[in-house]
Amino acid sequence: MYYPPVGAASYAPQRRAALSRQFPTDRLVIPAGAPKVRSNDTDYRFRPHSAFAHLTGLGVDHEPEAVLVMQPVPEGSGDDGSNHKGTLFFRPLAGRDSEEFYSNTKTGEFWVGPVPTLQELNQRTGLPTKDLTDLEYAVTVDAGVVEIGGTRIRLVRETDQNMDALVDTSRINTGVDLEASDALDNELAEFLSELRLIKDEHEIAEMRGSVESTIRGFEDIVRAIPQAIEHDRGERVIETAFFARARLEGNDLGYDTIAAAGNNATVLHWIRNTGQVNEGDLVLVDAGVEADSLYTADITRTLPVNGTFTEIQAKVYNAVLEAADAALVAAKPGVLFRDIHLTAMEVLAHHLSDWGILPVSVDEALSAQGQQHRRWMPHGTSHHLGLDVHDCAQARREMYLDAPLRPGMVFTIEPGLYFKNEDLAIPAEYRGIGVRIEDDILVTEDGAESLSAHLPRTVQDIESWMADLWKS
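Remember, it's a predicted structure, so these values are computed and weren't measured experimentally. (Residues numbered from 1 in each chain as written. Predicted model: local features only at pLDDT ≥ 70, side-chain atom pairs only at ≥ 80, totals over all residues. Heavy atoms only, no water.)

Visitor: Would you explain helix α7 (residues 161-173) in this entry?
Guide: Note on helix geometry: an α-helix contains 3.6 residues per turn, so any two residues three or four positions apart are oriented the same way. The terminal C-alpha atoms of α7 lie 18 Å apart, and with 13 residues this matches the ideal 18 Å at 1.5 Å per residue to within 8%. In this structure, the buried residues of α7 make contact with β1 (27-31), β4 (67-72), α6 (135-140), β7 (153-155) and α8 (178-194). The N-capping residue of α7, defined by a side-chain oxygen 3.0 Å from the backbone nitrogen of N162, is D160. Positioned one or two residues after α7, G175 has a phi angle of 75 degrees, which is positive. (Helix = DSSP H or I, 4+ residues; strand = E, 2+ residues; numbered from the N terminus. Expected span 1.5 Å × (residues − 1). Contact = heavy atoms within 4.5 Å. Polar contact = N/O pair within 3.5 Å; in protein donor to acceptor, adjacent residues only side chain to side chain.)

Structure below.
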């Protein structure tokens, strides 16, 4: 039987070749990870480690305990002319001819349903596949101190405890320095993060799809608001409306949805979503659909519960929108990533000053020693986006925060203002208002494209959009 290649099958070899060039003589071990217990004998839904997904093209939930091993070979004799031969180690399903078909709740098909065979994964990824029983030998054979002829292992750590233990035991048994090895493993993690800083055509297409699903999820949210108003846990009504879209069109949520109404919108990571949704309040929703390929969107909109912004709500909203728009204009190749944040902060600081809230001058607030405006906007304006909602997070500072933008980078722009009910340093009219606007941005050859721009953003467009959805 023929199994068609996964969508990234023609891109993943290039990614592995880049990894091979970086560490040409080392054995590279990239686990998918193991299932994580939720309670007793019940696991969370499995999701592979993002580095594993990036290098194999495999997503969704069918590779628990799989491991990609890249074995060093003589220069240029490896896969696609690289210095490594990759093999995917995988535990095949306990089939109908096995006692485990009925008895093994982890691998028996009777319990978990069909799982790809070695042949299927070979055809889908283009990688040679072997049974997981051969993994220990492949990882540890000839391992040891490089200076006396051993092969050095680099491992993506804290993904699979069994793999950590296997590699650490091998290092101890062969006299390899564990502290030095930790540093080498960290270098691998850094490079795998940096390898994802520039998205290829396939990745960009996947992210466009995630954004479109997320926009449909926001339409579901608006339609659910009337029901949310009537429920004691109205935020949960909003959360579950979006979750349904994520599961129907994607793999899952890219991260726990923030559905924060009223003063809860001033809590940056409010994911309890237990609050009421009241007429006259704003509701801040930060949500993203994760595609089956595991690429996620990350979008935030702040909506008036009754469909109409009050004058003060619109005032705060428009200040945040101006900051977001200024940051988007500033985003272009060659501009430093951190300058996007500085651009947005300058806009917000001027508004806070004009409103009489900022206790110092704008110049003092924007100085490195000042930062008084951060009381009401404490987070960064941007982060990279991709397989992880905070993608490339282990990249070095000079490759991320202090790096110039390059075409193919995808990141968020998400300024906000958060005025807590209990903040007596601000006029009463502002208290309890939290606003964030977040869009997903692709750097192009001559500027930047907002992938989520057609989800309404202005006060007028949001009010019209909500009214139209409620009519339909």
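Visitor: What is the right way to look at the sheet that holds strand β12 (residues 299-304) in this model?
Guide: Strand pairing in a sheet relies on backbone hydrogen bonds, with the paired strands running either antiparallel or parallel. Strand order in this open sheet of three strands is β9-β10-β12, and the pairing throughout is antiparallel. Of all strands in the sheet, those bounded by a partner on one side alone are β9 (258-261) and β12. Neighbour to neighbour, the strand axes of the sheet diverge by 10 degrees on average, direction disregarded. One ladder, built from six bridges, connects strand β10 (residues 282-287) with β12; its direction is antiparallel. By the bridge assignment for β12, V283 is matched with L303. (Pairing = 2+ DSSP bridges. Axes fitted to C-alpha atoms, helices over the stretch in contact; angles between N-to-C directions.)

Visitor: Please clarify how the environment of L417 should be interpreted in this entry.
Guide: Tracing the backbone through its elements, the reader meets L417 in strand β14 (residues 416-419). For the pair formed by L417 and L321, sequence separation is 96 residues and the distance between their alpha carbons is 10 Å. With residues up to four places along the chain from it excluded, the contact list for L417 reads V316, A319, V320, L348, L352, W355, W376, I433, G434 and V435.

Visitor: I tried to follow the pattern of salt bridges on my own but got confused; where do I start?
Guide: For side chains of opposite charge, pairing can occur when their charged atoms come near one another. Within this structure, the stated rule accounts for 32 salt bridges. R245 serves as the salt-bridge partner of E249, at 2.6 Å between the closest nitrogen and oxygen. Taken as a pair, E249 and R245 lie in helix α10 (residues 234-249) at a separation of four residues, close to a single helical turn. Ionic contacts of the salt-bridge type, sharing partners, join the residues R216, D220, R223, R245 and E249 into one network. (Salt bridge = Lys/Arg side-chain N within 4 Å of Asp/Glu carboxyl O.)

Visitor: Would you take a moment to explain the packing of aromatic side chains for this structure?
Guide: How two aromatic rings sit relative to each other is set out by the distance from centre to centre and by the angle between their planes. Counted under the stated rule, the structure contains seven aromatic pairs. With 6.1 Å between their ring centres and 70 degrees between their planes, F218 and F242 make a pair best called edge-to-face. Pair noted here: F218 is in helix α9 (residues 201-230) and F242 is in helix α10, with a separation of 24 residues, a long-range link. Like F218, the residue F242 is buried in the burial classification. Taking 5.4 Å as the distance between ring centres and 25 degrees as the angle between the ring planes, the aromatic pair formed by W355 and Y430 counts as stacked. Note that W355 is positioned in the loop between α12 (337-354) and α13 (362-366) and Y430 in the loop between β14 and β15 (433-436), a separation of 75 residues in sequence. The pair W355 / Y430 is uniform in exposure class, with both members buried. Chaining the aromatic ring pairs together yields one cluster made of F337, Y400 and F411. (Phe/Tyr/Trp six-rings, centres within 6.5 Å; stacked < 30°, edge-to-face > 60°. Buried < 20%, exposed > 50% of the residue type's maximum accessible area, 1.4 Å probe, protein only.)

Visitor: Where do I start with the packing of helix α1 (residues 12-22) against α8 in this structure?
Guide: Two numbers describe a pair of packed helices, the interaxial angle and the distance between the axes. At their nearest, the axes of α1 and α8 sit 11 Å apart, and the two run at 145 degrees to each other. As α1 packs across α8, the resulting crossing turns out to be right-handed. Of α8, the residues touching α1 (which contributes A18, L19 and Q22) are L188, F191 and L192. Among the residues making up the contact of α1 with α8, the classes are represented as five nonpolar, one polar and no charged. (Left-handed = near helix turned anticlockwise from the far one by under 90°. Nonpolar A, V, L, I, M, F, W, Y, C, P; charged D, E, K, R; others polar.)

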